[in-house]
Amino acid sequence: MRSPDGRAAGPPRIVYLYLAIIVVTWAGNWPLMKLALDDAPPLVFVLVRLIGTVVLLGPALHAMRVPLLPIPGERLGLFWVGQFQVAGFLLFAIVGLAIEAPGRAIVLAYTFSLWAIPIGLLLGVERLSRFHLIGAAIGFAGLVLFMNPGLVDWTSGRTLLGNVFLLLAAIAWALGSCLYRRRIWRTGFWTQTFWQLAVSAPVVLAFALPQMTGEPTHWSVSLVAILVYNWVVTTAIGYFLWALVLTAMPATTAGQVLALTPVGGFLLSTIIFGGAVTTDVVVSIGLIVAGIILTLRG
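Residues numbered from 1 in each chain as written. Predicted model: local features only at pLDDT ≥ 70, side-chain atom pairs only at ≥ 80, totals over all residues. Heavy atoms only, no water.

Undergrad: Got a minute to help me understand the overall build of the protein chain in this structure?
TA: Regarding its fold elements, the protein chain presents 12 helices and 0 strands. For the protein chain, the N- to C-terminal ordering of α and β elements is α-α-α-α-α-α-α-α-α-α-α-α. The globule rule puts the C-alpha radius of gyration for 298 residues at 19 Å, and the 19 Å found for the protein chain is close to it. Principal-axis analysis of the C-alpha atoms gives the protein chain an extent of 60 × 45 × 35 Å. Residues classed as buried in the protein chain amount to 47% of the 298 residues present. (Helix = DSSP H or I, 4+ residues; strand = E, 2+ residues; numbered from the N terminus. Rg over C-alpha atoms; globule rule 2.2 N^0.38 Å. Buried < 20%, exposed > 50% of the residue type's maximum accessible area, 1.4 Å probe, protein only.)

Undergrad: Before we go on, may I ask you to explain the nonpolar core in this structure?
TA: Soluble globular proteins tend to pack their nonpolar side chains together in the buried interior. Counting residues in each nonpolar core, the largest one holds 70 residues, and the members touching the most others are Trp30, Phe45, Phe89 and Val245. Discounting chain neighbours no more than four positions away, the residues touching Phe89 are Trp30, Phe84, Ala109, Ala169, Ala172 and Trp173. (Core = buried A, V, L, I, M, F, W, Y, C linked by side-chain atoms within 4.5 Å. Contact = heavy atoms within 4.5 Å.)

Undergrad: Just to check I follow, could you spell out a nonpolar patch on the surface for this structure?
TA: A surface patch of nonpolar side chains, about 480 Å² in accessible area, is lined by Leu56, Trp219, Val224, Val228, Val232 and Ile237. At 4 residues, helix H9 (residues 221–248) tops the list of elements feeding residues into the nonpolar patch. For Ile237, the location among the structural elements is in helix H9. (Patch = residues over 30% accessible without salt bridge, like charges linked within 9 Å, V, L, I, M, F, W, Y side chains within 5 Å. Areas by Shrake-Rupley, 256 points an atom, 1.4 Å probe, with all protein chains shown as cover. Salt bridge = Lys/Arg side-chain N within 4 Å of Asp/Glu carboxyl O.)

Undergrad: I would appreciate a short explanation of the pattern of salt bridges in the present structure.
TA: Oppositely charged side chains can pair when the atoms bearing their charge come close. Tallied over the full model, the rule gives 3 salt bridges. Each of Glu74, Arg183 and Arg186 takes part in salt bridges that share partners, so that together they form one network.

Undergrad: Help me understand the environment of Trp242 in this model?
TA: Positionally, Trp242 belongs in helix H9. Placed 183 residues apart in sequence, Trp242 and Pro59 show a C-alpha to C-alpha distance of 20 Å. Setting aside residues up to four positions removed in sequence, Trp242 forms contacts with Leu19, Ile22, Phe189, Ala254, Gly255 and Leu258.

Undergrad: Please clarify how the packing of helix H3 (residues 75–99) against helix H7 (residues 157–180) should be interpreted in this entry.
TA: To characterise two packed helices, one gives the angle between the axes of the helices and the distance between these axes. Between H3 and H7, the shortest axis-to-axis distance is 8 Å and the interhelical angle comes to 160 degrees. It follows that H3 is roughly antiparallel to H7 by the angle criterion. Here the hand of the crossing between H3 and H7 comes out left-handed. Of the residues in the contact of H3 with H7, the class split is 19 nonpolar, 7 polar and 1 charged. (Axes fitted to C-alpha atoms, helices over the stretch in contact; angles between N-to-C directions. Parallel < 35°, antiparallel > 145°, perpendicular 65-115°, else oblique. Left-handed = near helix turned anticlockwise from the far one by under 90°. Nonpolar A, V, L, I, M, F, W, Y, C, P; charged D, E, K, R; others polar.)

Undergrad: It is not clear to me how the packing of helix H6 (residues 130–146) against helix H12 (residues 279–297) should be interpreted in this structure. Could you clarify?
TA: Close contact between H6 and H12 brings their axes to 7 Å; oriented N to C, the two are set at 155 degrees. Relative to H12, the element H6 lies roughly antiparallel. Where H6 crosses over H12, the handedness of that crossing is left-handed. Contacts from Phe131, His132, Ile134, Gly135, Ala136, Ile138, Gly139, Ala141, Gly142, Leu143, Leu145 and Phe146 of H6 reach H12 at Asp280, Val283, Ser284, Ile285, Leu287, Ile288, Ala290, Gly291, Leu294, Thr295 and Arg297. Looking at the contact of H6 with H12 residue by residue, the class counts come to 14 nonpolar, 7 polar and 2 charged.

Undergrad: Mind showing me how you'd approach the side chain of Ser269 here?
TA: Tracing the chain through its elements places Ser269 in helix H11 (residues 261–273). Those residues in contact with Ser269 that sit more than four places away from it in its chain are Pro31, Pro102, Gly103 and Gly274.

Undergrad: I keep staring at the environment of Gly291 and nothing clicks. Help me out?
TA: Along the chain, the position of Gly291 falls in helix H12. We classify Gly291 as buried; its relative accessible area is 0%. With 229 residues separating them in the primary sequence, Gly291 and His62 have C-alpha atoms 40 Å apart.

Undergrad: Can you walk me through the side chain of Thr191 in this structure?
TA: Mapped onto the elements, Thr191 comes out in helix H8 (residues 189–214). Ignoring sequence-local partners within four residues, the contact set of Thr191 consists of Val66, Pro67, Leu68, Leu69 and Pro70.

Undergrad: Is there a simple way to think about unusual backbone geometry in this case?
TA: Backbone phi values are negative for most residues with the exception of glycine, while trans is the configuration of most peptide bonds. The backbone phi angle of Arg65 is positive, close to 60 degrees, even though this residue is not glycine. Residue position: Arg65 is located in the loop between helix H2 (42–63) and H3. Its relative accessible area of 78% is what places Arg65 among the exposed residues.

Undergrad: Honestly, the environment of His218 in this entry has me stumped. Any pointers?
TA: Note on placement: His218 falls in the loop between H8 and H9. Residues contacting His218, with those up to four places away along its chain left out, are Asp39 and Leu223.

Undergrad: Looking at this structure, I do not really get the packing of aromatic side chains. What am I missing?
TA: In this description, a pair of aromatic rings is defined by centroid distance and the angle of the planes. Counted according to the given criterion, the structure contains 10 aromatic pairs. Considering the side-chain rings of Trp115 and Phe140, the 5.1 Å spacing of their centres and the 80 degrees angle between planes classify their relative orientation as edge-to-face. Taken together, the positions of Trp115 in helix H5 (residues 112–123) and Phe140 in helix H6 put the pair 25 residues apart, joining distant regions of the chain. Owing to a relative accessible area of 24%, Phe140 belongs among the partly exposed residues under this scheme. Ring geometry for Phe189 versus Trp190: centroids 5.3 Å apart, planes at 80 degrees, classification edge-to-face. (Phe/Tyr/Trp six-rings, centres within 6.5 Å; stacked < 30°, edge-to-face > 60°.)

Remember that the coordinates give geometry; whether it matters functionally is a separate question.
Dropping the structure here:
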């Protein structure tokens, strides 16, 4: 699209509003999920969140005549993408979030684009560019600083485990993304999304069963409200707006804006739960976000 003077026109301004809504709502969800864990075991929360989303999305897509099953030949591939991008990410992330502060959790989980570089090289879907190398170096330097003994109690096995789970969540997300990029998919966006969510539910159920029988869930008003927020706002509306964004601008450009999500999540977490914002925290998060943006530019 070009402007009247012949120059290439940028995306409509409304697209940036869509991105702002996505960043704010996704960033705010991490503190909310932390609050929900006061009432529900972590894996049970993820299971109800996932099932509720599938139950909400399925009839809506059917009413819009969107196929619920991917094109034959793509179902198994999208199944494995979903196991890493949805099931693996959600399971590792919620266990890490149960241990760590939501601000720290979202920053570590959003390092997935940094991990996608070495994974992509191993799978043959990534070619190193100057931006990839510089971004990875800056991002991983920030990650090392974020893990220094001044910020992480290396004598606490529980603390280390929480950080490991969050990094595994990022790695699972990155692996799913790299598997997705290995081929061109003919299945529509919404069908892909629904299928990945649906095939992840049985796996999450298998992991959640022990907590369902061993730990009680307190169905408070706040827990239900947070679940509804996850079903409607972060998933249904969030993915809908993301689809609109991708029709107006390249995914790499949108991804650079989305890199602000961990910053927003960290700030909201600090406001709600408190915590010191020291120089090394600011520098490490700044380096991680800068690295993410540069790798996306590559």
